[in-house]
Amino acid sequence: VQLQASGGGLVQAGGSLRLSCTTSGYMFRNVDMAWYRQAPGKERDLVASISTTGSTNYQDSVKGRFTISRDNVRNTAYLQMDSLKPEDTAVYYCNARSKWAPTNHPGDWGQGTQVTVSS
């Protein structure tokens, strides 16, 4: 199984980026997807998640600015990030976990994509 994250870059505060996580080797419709981020010196935190039924969940700091979605035909999850702030600067990782996996199962990780927001 593979996850390939892309779409990161350098953007000014207030700008937008769209991250993509393309997967292979999964029955994608049976996989819960999530985006995490890790800033320097900090732990990796959950940013947003989307279940196989389309139910979404967001970290409070990104609610109203970020939107997670999925395309079960393209086996890809997306994170649309609008109104970006310097504190959104981090490496963003996508995560895939079977809907049947135990809740403490770590899932699979992509390689990460750097997002840098300048003030």
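The structure this text deals with has already been given above.
Conventions we followed
Here the residue index of a chain counts from 1 through its sequence in written order. In view of the model being predicted, local features appear only for residues whose pLDDT reaches at least 70, and side-chain atom pairs are presented and counted only at 80 or more, with totals across whole chains, interfaces and linings using the full set of residues. Heavy atoms throughout the structure, all of them, feed into the side-chain values; hydrogens and water do not. For Phe, Tyr and Trp, where Trp contributes only its six-membered ring, two rings pair if their centres lie within 6.5 Å, and the inter-plane angle classes them as stacked under 30 degrees, edge-to-face over 60, or tilted in between. A helix here means a DSSP run of H or I that spans at least four residues, while a strand means a run of E at least two residues long, and both kinds are numbered starting from the N terminus. In this scheme, a residue with accessible area under 20% of its type's maximum is buried, one over 50% is exposed, and one in between is partly exposed, where area comes from a 1.4 Å probe on protein chains only. Here, a charge over a ring is recorded when the distance from Lys NZ or Arg CZ to the ring centre is within 6 Å and its angle to the ring normal is within 35 degrees. Two strands form a pair only when DSSP identifies at least two bridges running between them. The definition of a polar contact used here is a pair of N or O atoms within 3.5 Å, where within protein one atom must be able to donate a hydrogen and the other to accept one, and adjacent residues in sequence count solely through side-chain atom pairs. We call two residues in contact when some of their heavy atoms are within 4.5 Å. Think of a nonpolar core as a cluster: buried Ala, Val, Leu, Ile, Met, Phe, Trp, Tyr and Cys residues, connected wherever their side-chain atoms sit within 4.5 Å.

1. A short note on the packing of aromatic side chains
The description of two aromatic rings rests on the distance between their centres and on the angle between their planes.
Alright, step 1. In this structure the tally under the stated criterion is two aromatic pairs.
Alright, step 2. With a centroid separation of 4.9 Å and 65 degrees between ring planes, the pair formed by Tyr36 and Trp109 is classed as edge-to-face. Of the two residues, Tyr36 sits in strand β4 (residues 31–38) while Trp109 sits in strand β10 (residues 108–109), which places them 73 residues apart along the sequence.
Alright, step 3. Taking the relative accessible area as the measure of exposure, Trp109 reaches 34% and is therefore partly exposed.
Alright, step 4. Counting every residue linked through ring pairs, the aromatic cluster contains Tyr36, Tyr93 and Trp109.
Alright, step 5. In this structure, Arg44 packs its charged tip against the face of Tyr93, placed 3.7 Å from the ring centre.

2. Quick notes on unusual backbone geometry
Of all residues except glycine, most have a negative phi; of all peptide bonds, most are trans.
Alright, step 1. With phi around 55 degrees, Asn75 is a residue other than glycine that occupies positive phi space.
Alright, step 2. In this fold, Asn75 is placed in the loop between β7 (66–71) and β8 (76–81).
Alright, step 3. Unusually for a residue other than glycine, Ser83 sits at a positive phi of about 50 degrees.
Alright, step 4. Position of Ser83 relative to the elements: it lies in the loop between β8 and β9 (90–98).
Alright, step 5. Its relative accessible area of 40% is what places Ser83 among the partly exposed residues.

3. Brief notes about the pairing of β4
Alright, step 1. Here β4 pairs with β9 via eight bridges, running antiparallel. From the neighbouring strand, Trp35 faces β9, where its bridge partner is Cys94.
Alright, step 2. Across five bridges, the pairing between β4 and strand β5 (residues 45–50) is antiparallel. By the bridge assignment, Trp35 is partnered in β5 with Ala48.

4. Quick word on the side chain of Asn95
Alright, step 1. Secondary-structure assignment places Asn95 in strand β9.
Alright, step 2. For Asn95, a relative accessible area of 5% translates into the label buried.
Alright, step 3. Polar contacts involving the side chain of Asn95 include one to the main-chain carbonyl oxygen of Asp108, which spans 3.3 Å.
Alright, step 4. Setting aside residues no more than four positions away along its own chain, Asn95 makes contact with Leu3, Asp32, Met33, Ala34, Tyr36, Pro106, Gly107, Asp108 and Trp109.

5. Structural notes on the nonpolar core
Alright, step 1. Grouped together as the largest cluster of nonpolar side chains are 28 residues, with contacts concentrated most on Met33, Trp35, Phe66, Leu79, Met81 and Tyr92.
Alright, step 2. Breaking this core down by element, the ones donating at least two residues are β1 (2–6), β3 (17–24), β4, β5, β7, β8, β9 and β11 (113–118).
Alright, step 3. Among the elements that take part in this core, β9 stands out by supplying four residues, more than any other.
Alright, step 4. Apart from residues lying up to four places away in sequence, Met81 is in contact with Gly15, Ser16, Leu17, Leu19, Arg65, Phe66, Tyr92 and Val115.

6. Describing the pairing of β11
Alright, step 1. Along β11, the buried face is formed by Thr113, Val115 and Val117; none of Gln114, Thr116 and Ser118, which line the opposite face, is buried.
Alright, step 2. Inspection of the sheet shows strand β2 (residues 9–12) paired to β11 by four bridges, in the parallel sense. The partner of Gly9 across the bridge, within β11, is Val115.
Alright, step 3. Bridge count between β9 and β11: three bridges; the pairing is antiparallel. For Val91, the partnering residue across the bridge sits in β11 and is Gln114.

Geometric descriptors of this kind do not, in isolation, establish any biological role.
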